[in-house]
Amino acid sequence: TEIYTLSLHDALPISTVTVIWRGWRRSKQAQLASVASHESTVGAIRQILGTHRREFARASVLSVFAQVLYAVPYLSMGAMLAVLTKGPTASLIRLGLTSSASQLWFLAGTTLIVFVTFAGVSFTANMMWRDLAQTVQHEWCSEMYAHVQRSKLRYLEAERMTRLAEALTGDIDQLSRFLAGPASALLQIATCFVVVAGAFLFWAPQITWI
């Protein structure tokens, strides 16, 4: 019993080191797998867009710019309310607008111009997203059809036709719908959050947390 106890005592540090070593290896493998997953996702997005990454970037920039323009009129209306309740603001007085009436007219004109610009930019961005979605959908339909034509007959016989049909139609159609709508919406939501949070931090930092 004493020999067994001593052997167990002596083996304890070795087993502890072994457990720690295995845990560290598993954590490193998990980190590498996470990085590989991220890289594969980015690579998949690039592969999906193909040669149309510039169009994707332009449409993204226009969507962000349109959302910034969409937020400006609400800030202008807030400024108009401040002029009506508190009188002329110092920032507009520096521009030479000393009276409340001149400041209100200036803010109203700025709001109108921004609304018109927003309409044009938003329309252009939506058209670019739809063109990109249709182009990607067409190219991937052609690529998938050609891939099926090149596949070996034994692979096609072993595969369910409904699964192939879903890959050729449903999956690519979902990708097209994402590029035509939710992709732009995600960018606009993120931009809206940044603009609104920034505006509150600048004008009303006390209530930004609300």
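In every chain, residue numbers begin from 1 and rise along the written sequence. This being a predicted model, a pLDDT of at least 70 is required before a residue's local features are given, and a value of 80 or more before pairs of side-chain atoms are given or counted; all residues contribute to the totals for chains, interfaces and linings. Excluded from the side-chain calculation are hydrogens and water; included are all heavy atoms of the structure.

Quick look at helix α7 (residues 182–203)
Because an α-helix packs 3.6 residues into every turn, residues spaced three or four apart end up facing the same way. The helix and strand labels rest on DSSP assignments: H or I over at least four residues marks a helix, E over at least two residues marks a strand, and numbering proceeds from the N terminus. Expected helix span is given by 1.5 Å per residue-to-residue step, counting one fewer step than there are residues. Between its terminal C-alpha atoms α7 stretches 31 Å, which fits the 32 Å expected from 22 residues at 1.5 Å a residue. Partly exposed residues are those whose accessible area sits between 20% and 50% of the maximum for their type, while under 20% is buried and over 50% is exposed, using a 1.4 Å probe and protein chains only. Turning to α7, its buried residues number three or more, namely Ala183, Ser184, Thr191 and Ala199. End-on view of α7: buried residues confined to an arc of 115°, all on one side of the axis. Facing away from the buried side of α7 by over 90 degrees, the exposed positions are Leu186, Ile189, Phe193 and Leu201. Residues of α7 that are buried sit in contact with α2 (53–86), α4 (100–150) and α6 (161–180). Working definition: the arc comes from the directions between the helix axis and the C-beta atoms, pointing outward to the latter. When checking whether two residues touch, look at their non-hydrogen atoms; a contact exists if any pair is within 4.5 Å.

A closer look at the packing of α6 against α7
Where α6 contacts α7, the axes come no closer than 4 Å and their chain directions differ by 35°. Touching Arg177, Phe178, Leu179 and Ala180 of α6 are Pro182, Ala183 and Leu186, all from α7. In terms of residue class, the contact of α6 with α7 is built from six nonpolar, no polar and one charged. To obtain each axis, a line is fitted to C-alpha atoms, and for helices this fit is confined to the stretch in contact; angles are then taken between N-to-C directions over 0 to 180 degrees. By the convention adopted, Pro, Cys, Tyr, Trp, Phe, Met, Ile, Leu, Val and Ala count as nonpolar, Lys, Arg, Asp and Glu as charged, and the other residues, Gly among them, as polar.

A few points about the nonpolar core
Of all hydrophobic cores here, the largest spans seven residues; its members are Ala59, Trp129, Leu132, Ala133, Val136, Leu179 and Ala183. Of the residues forming this core, the biggest block, four residues, is contributed by α4. If near-sequence neighbours (up to four positions away) are discounted, Val136 is found in contact with Ile48, His52, Leu175 and Leu179. Among the buried residues, those of types Ala, Val, Leu, Ile, Met, Phe, Trp, Tyr and Cys that are joined through side-chain atoms within 4.5 Å form a nonpolar core. In this structure, Ala66, Leu69, Val114 and Phe118 belong to the second largest nonpolar core, which totals five residues.

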